[in-house]
Amino acid sequence: MSGDSDCTRTSPSAGSPSDNEFLPDQPKYVCSLTPDLVTKAREELQEKPEWRLRDVQALRDMVCKDYPSLGTCLDDAFLLRFLRARKFDYDRALQLLVNYHTCRRSWPEVFNNLKPSAIKPVLESGFVTVLPRLDPEGRHVVCIRPDRWTPSNYPITENIRAIYLTLEKLIQSEETQVNGIVILADYKGVSLSKASHFGPFVAKKVIGILQDGFPIRIKAVNIINEPRIFKGIFAIIKPFLKEKIANRFFLHGCDLNSLHQNIPPVILPEEYGGTSGKLDISAWNELLLASEEDFLHDFSQLVLPCDSSPHDMLVSGDADEKQCDESLRGMKPQLYYCY
């Protein structure tokens with residue numbers, strides 16, 4: 001992402017087509033999708049190549065009219081992520097864009113100084129990585145292993161930072177924007193004390209980001225080696241998941257055959273009954289760390305204007321904060337019961 005990040009400097013009015021002459025030149029968008037993916041985007045995302053730039057301009061105009069101080073990047077490629085994530089529904093894409101910024105500005109522990117080198121210890125632990133091979137649907141598989149985290153070394157927010165940067169790197173690819181991703185979470189060895197760090201505040205924030213605050217399509221969440229305690233956690237957070245997302249969770253326990261029905265062994269490491277060798281985290285770590293300058297440039301475009309606050313930007317999501325926290329207050333007793 002690049003380009004001017006402040007609508008107050010790029011558009012003097014509501015942003016009708018005649019106002020385009022006042023906008024600075026944006027980097028020219030060049031589609032990198034294969035013909036098959038162009039067809040898939042048309043069928044699944046309502047993306048019409050002949051209307052693509054018109055749709056991007058419509059979203060840009062809405063940002064400049066309704067949120068002139070949002071401080072967002074206005075590049076075609078950047079805005080296209082949000083349109084694809086919401087199937088080219090202008091209003092929903094705008095809401096997602098605003099929520100994206102709201103999430104970043106309302107959780108400084110996660111988003112301040114967010115860069116790969118700052119989360120190097122998390123990467124080296126193997127808490128999160130991306131498998132080297134795509135699944136049959138062309139989707140990256142994000143592997144998360146909570147047992148690799150030692151709470152005394154750093155807070156849980158560092159893990160969230162690492163996951164967020166991983167998603168930011170993946171979503172740069174147009175193929176990922178169309179195909180989405182798959183998550184593989186291995187909960188082997190997760191104890192009650194470690195699970196207790198994922199409290200009401202963290203749960204609400206993470207769910208909000210993944211559902212309504214980031215332009216990525218999560219197509220499946222595969223849970224493996226989950227202890228009894230996880231069923232208690234999932235029962236608590238499930239009411240706050242949209243039905244479509246909740247239905248994409250698959251709890252496999254220790255049954256590798258069940259896992260292999262969702263993720264074929266040919267792309268899985270030996271640790272999960274696969275045939276692609278031992279899990280190697282070095283390649284993804286090197287790729288992410290090598291992207292340091294790109295992240296610094298991209299995130300520099302996302303600056304909070306001095307006359308705005310995170311609460312001014314929010315479209316939806318905080319109205320039920322109190323209700324959610326009250327509902328999650330019973331988490332700890334239920335976790336003890338499940339454990």
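Note that the coordinates shown come from a computational prediction; the quantities given were computed from them, not determined experimentally.

Asker: Outline the overall build of the protein chain, supporting the account with residue identities and numerical values.
Answerer: For the protein chain, the helix and strand inventory stands at 19 helices and five strands. By the burial criterion, 53% of the 339 residues in the protein chain qualify as buried. By element, 53% of the accessible surface of the protein chain is carried by carbon and sulfur atoms, the whole surface being about 15,700 Å².

Asker: So what's going on with unusual backbone geometry? Residues and values would help.
Answerer: Positioned with a positive phi, Gln46 is a non-glycine residue whose angle comes to about 60 degrees. Its place among the elements puts Gln46 in the loop between α2 (35-45) and α3 (52-66). Even without being glycine, Asn225 reaches a positive phi, approximately 60 degrees. You can see Asn225 is positioned in the loop between β4 (218-224) and α12 (228-237).

Asker: With reference to specific residues and values, describe the side chain of Asn222.
Answerer: Structurally, the position occupied by Asn222 is in strand β4. Exposure remark for Asn222: the relative accessible area of 0% places this residue in the buried category. In terms of polar contacts, Asn222 uses its side chain to reach the side chain of His252, at 2.8 Å.

Asker: Explain helix α5 (residues 90-106) to me, and be specific about the residues and the numbers.
Answerer: A rise of 1.5 Å per residue sets the reference length of α5, with its 17 residues, at 24 Å; its end C-alpha atoms lie 24 Å apart and thus fit the reference within 8%. The buried count for α5 comes to 12 of 17 residues, which makes it a mostly enclosed element. Backbone nitrogen of Asp91 and a side-chain oxygen of the N-cap are separated by 3.1 Å at the start of α5; the cap is Asp89.

Asker: I'd like a description of the nonpolar core, backed by residues and values.
Answerer: If you look at the biggest cluster of nonpolar residues, it comprises 69 residues, and the most contacted ones within it are Phe78, Ile181 and Phe214. Split by domain, the residues of this core number at least three in each of domain 1 (35-106) and domain 2 (114-291). Aside from chain neighbours lying at most four places away, what touches Phe214 is Leu96, Tyr100, Tyr164, Leu167, Glu168, Ile171 and Ile209. Within the second largest apolar cluster, 14 residues are counted, among which are Val141, Val182, Leu184 and Leu279.

Asker: Please set out the sheet that holds strand β3 (residues 181-186) residue by residue, giving values where relevant.
Answerer: Reading across the sheet, the five strands line up as β1-β2-β3-β4-β5 and stay open at both edges, with mixed pairing between neighbours. Whereas interior strands pair on both sides, the edge strands pair on one side only; in this sheet they are β1 (128-130) and β5 (249-251). Between one strand and the next, the sheet's axes are offset by a mean angle of 20 degrees, whatever the strand orientation. Set on the sheet, helix α8 (residues 156-170) makes contact with β1, β2 (140-144) and β3; between it and β1 the angle comes to about 15 degrees.

Asker: Would you mind going over the environment of Thr157 in detail, with residue names and values included?
Answerer: Tracing the sequence through the fold places Thr157 in helix α8. Sequence separation between Thr157 and Trp107 is 50 residues, and the spatial gap between their C-alpha atoms is 9.8 Å.

Asker: Give me the lowdown on the pattern of salt bridges, citing residues and values where you can.
Answerer: For the structure shown, the criterion picks out 12 salt bridges. The residue Asp76 makes a salt bridge to Arg60 at a minimum N-O spacing of 2.4 Å. Of this pair, Asp76 sits in helix α4 (residues 76-85) while Arg60 sits in helix α3, placing them 16 residues apart in sequence. A single burial state applies to Asp76 and to Arg60, both of which are buried. Close ionic contact of Arg139 with Asp135 constitutes a salt bridge, the shortest N to O distance being 2.7 Å. There is no split in this pair, since Arg139 and Asp135 are both buried. Bridged by salt links that share partners, the residues Glu47, Arg52, Arg84 and Glu174 form one connected network.

Asker: I'd love a proper account of α2, names of residues and values included.
Answerer: Since the α-helix turns once every 3.6 residues, residues separated by three or four places project in the same direction. Those residues of α2 not exposed but buried are Leu37, Lys40, Ala41 and Leu45. Seen along its axis, α2 keeps its buried residues to an arc of 100 degrees; they face one direction. Away from the buried face of α2 by more than 90 degrees, exposed residues Pro35, Asp36 and Glu43 are located. Taken from the residues just after α2, Gln46 is the one with a positive phi, measuring 60 degrees.

Asker: Before we move on, could you go through the pairing of β4 and cite the residues and values that matter?
Answerer: Most of β4 is tucked away: six of the seven residues are buried. The pairing of β3 with β4 spans six bridges and is parallel. Residue pairing across strands places Ile183 opposite Val221, the latter belonging to β4. In the sheet, β4 pairs with β5 via three bridges, with the strands oriented parallel. The residue bridging Ile223 from the neighbouring strand is Leu251, located in β5.

About the thresholds
- Residues numbered from 1 in each chain as written.
- Predicted model: local features only at pLDDT ≥ 70, side-chain atom pairs only at ≥ 80, totals over all residues.
- Heavy atoms only, no water.
- Helix = DSSP H or I, 4+ residues; strand = E, 2+ residues; numbered from the N terminus.
- Buried < 20%, exposed > 50% of the residue type's maximum accessible area, 1.4 Å probe, protein only.
- Areas by Shrake-Rupley, 256 points an atom, 1.4 Å probe, with all protein chains shown as cover.
- Polar contact = N/O pair within 3.5 Å; in protein donor to acceptor, adjacent residues only side chain to side chain.
- Expected span 1.5 Å × (residues − 1).
- Core = buried A, V, L, I, M, F, W, Y, C linked by side-chain atoms within 4.5 Å.
- Domains from an automatic or database assignment.
- Contact = heavy atoms within 4.5 Å.
- Pairing = 2+ DSSP bridges.
- Axes fitted to C-alpha atoms, helices over the stretch in contact; angles between N-to-C directions.
- Salt bridge = Lys/Arg side-chain N within 4 Å of Asp/Glu carboxyl O.
- Arc of directions from axis to C-beta.

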